[in-house]
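Inside the fold
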Amino acid sequence: MLRQVQDYAPAVLLLAFLLTACGGSAVAEMPVRPELTNRDFAAPLDSGWHRQVRNFDGRGDVIALPEGGVTVSKTFCGWYRLSQAVVLDDFRQTFRTRARFAARSSRHDYFGRSGLTLGYLDADGGLLGETRWYLQAGGRPEENSPTRHSIRLTEAGQWLDLELDIADELRRNLSGVRPADVRALRITFEAFGSGTGGC
């Protein structure tokens, strides 16, 4: 079945890493702190990074950029993710990155989202909580909880300097996460699209 171009919900996250990491349909430049493997995406993306794909319909991709960075994108139904976990010797660190997000939905029954998520992991790799920056077109906003802090962005297409003091974030916004249990940080770039039926 053919679809018109406007009948999709693309999610695009453009990232530039400056002393840390990001996700969505993404473009990135780096250094990243904490130290990541292949933080500038100069090596093949399977070096240090892990792709996850759930594709029901449409297109998506994860592409390393020649100038240093990455793009993660998805249209229609499903998601593409690029992530990496790093051990934290001390959770009293600052996460920094530069990122650009985009999301679009041309129909009321679709939505697109791009986002960057910091997942706080225990010693066994279990998810304790997360902080998520996201840009969304259509759909309902995410809700915060004691283990999730969602920061909805409104600046589509603009470069944003994101900075987060991890200890302060755990204390102020994630009351359900015990800082002493945090042993690793998972950085995930995600692009997500949803439509009627099947998603």
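Residues numbered from 1 in each chain as written. Predicted model: local features only at pLDDT ≥ 70, side-chain atom pairs only at ≥ 80, totals over all residues. Heavy atoms only, no water.

**Some details on the packing of aromatic side chains**
- Taken as a whole and judged by the stated rule, the model has three aromatic pairs.
- On the numbers, 5.5 Å between centres and 50 degrees between planes, the contact of tryptophan 49 with phenylalanine 189 is tilted. Separated by 140 residues along the polypeptide, tryptophan 49 in the loop between strand 1 (11-16) and strand 2 (50-55) and phenylalanine 189 in strand 11 (residues 184-194) bring together distant segments of the chain.
- Given a relative accessible area of 2%, tryptophan 49 falls into the buried group.
- The buried category is assigned to phenylalanine 189, whose relative accessible area is 0%. (Phe/Tyr/Trp six-rings, centres within 6.5 Å; stacked < 30°, edge-to-face > 60°. Helix = DSSP H or I, 4+ residues; strand = E, 2+ residues; numbered from the N terminus. Buried < 20%, exposed > 50% of the residue type's maximum accessible area, 1.4 Å probe, protein only.)

**A closer look at the pattern of salt bridges**
- For the structure on display, the rule yields 11 salt bridges.
- When the shortest N-O distance is used, the salt bridge between arginine 113 and glutamate 142 registers 3.4 Å. Here glutamate 142 lies in the loop between strand 8 (127-137) and strand 9 (148-152) and arginine 113 lies in strand 7 (residues 111-121), a separation of 29 residues in the sequence. Across the pair, exposure class does not vary: arginine 113 and glutamate 142 are buried alike.
- In this structure, the salt-bridge partner of glutamate 130 is arginine 132, at a minimum N-O distance of 2.8 Å. One exposure class covers both glutamate 130 and arginine 132, and it is buried. (Salt bridge = Lys/Arg side-chain N within 4 Å of Asp/Glu carboxyl O.)

**Details of the layout of surface pockets**
- Here the largest pocket is characterised by a volume of approximately 200 Å³.
- Along its surface, the largest pocket is lined by Gln52, Arg81, Ser83, Arg113, Thr117, Gly119, Glu130, Arg132, Arg186, Thr188, Glu190 and Phe192.
- Counting residues per element, the ones that place at least two in the lining of the largest pocket are strand 5 (78-87), strand 7, strand 8 and strand 11.
- At four residues, the largest contribution of residues to the lining of the largest pocket is made by strand 11.
- The class makeup of the residues in the lining of the largest pocket is one nonpolar, five polar and six charged. (1 Å grid on protein atoms, 1.4 Å probe; cavity = no way out; pocket = protein on both sides within 12 Å on 5 of 7 lines; lining within 4 Å. Points joined across faces, edges and corners; volume = space filled by probe spheres on them. Nonpolar A, V, L, I, M, F, W, Y, C, P; charged D, E, K, R; others polar.)

**Digging into the sheet that holds strand 8**
- With mixed pairing, the six strands of this open sheet are ordered in space as 2-5-11-7-8-9. Unpaired on one side and paired on the other, strand 2 and strand 9 mark the two borders of the sheet. Looking at each pair of strands side by side, their axes are set apart by 15 degrees on average, direction ignored.
- Looking at chain direction, strand 7 and strand 8 are connected through 10 bridges and run antiparallel. In the strand pairing of strand 8, tyrosine 120 is matched with glycine 129.
- Together, strand 7, strand 8, strand 9 and strand 11 form the strand contacts of helix 1 (residues 166-173), whose direction differs from that of strand 7 by roughly 100 degrees. (Pairing = 2+ DSSP bridges. Axes fitted to C-alpha atoms, helices over the stretch in contact; angles between N-to-C directions. Contact = heavy atoms within 4.5 Å.)

**Looking at the pairing of strand 7**
- Buried residues dominate strand 7, accounting for 11 of its 11 residues.
- Taking every second residue as pointing to the same face, both faces of strand 7 are buried, with Phe111, Arg113, Gly115, Thr117, Gly119 and Leu121 on one and Gly112, Ser114, Leu116, Leu118 and Tyr120 on the other.
- Where strand 7 lies against strand 11, 11 bridges are found, and the strand directions are antiparallel. Within strand 11, the residue paired with glycine 115 across the bridge is glutamate 190.
- Between the antiparallel neighbours strand 7 and strand 8 lie five residues, among them glycine 125 with a positive phi of about 85 degrees.

**A look at the nonpolar core**
- Ranked by internal contacts, the top residues of the largest apolar core, which has 32 residues, are Leu82, Phe95, Phe101, Leu118, Tyr120, Trp133 and Leu185.
- Element by element, the count of residues in this core is highest for strand 11, at four residues. (Core = buried A, V, L, I, M, F, W, Y, C linked by side-chain atoms within 4.5 Å.)

**Points about the side chain of glutamate 130**
- Within the secondary structure layout, glutamate 130 lies in strand 8.
- Owing to a relative accessible area of 11%, glutamate 130 belongs among the buried residues under this scheme.
- At 3.0 Å, the side chain of glutamate 130 forms a polar contact with the side chain of arginine 148.
- Residues contacting glutamate 130, with those up to four places away along its chain left out, are Thr117, Leu118, Gly119, Tyr120, Thr147, Arg148, His149 and Leu174. (Polar contact = N/O pair within 3.5 Å; in protein donor to acceptor, adjacent residues only side chain to side chain.)

What is shown is where atoms sit, not what they do.
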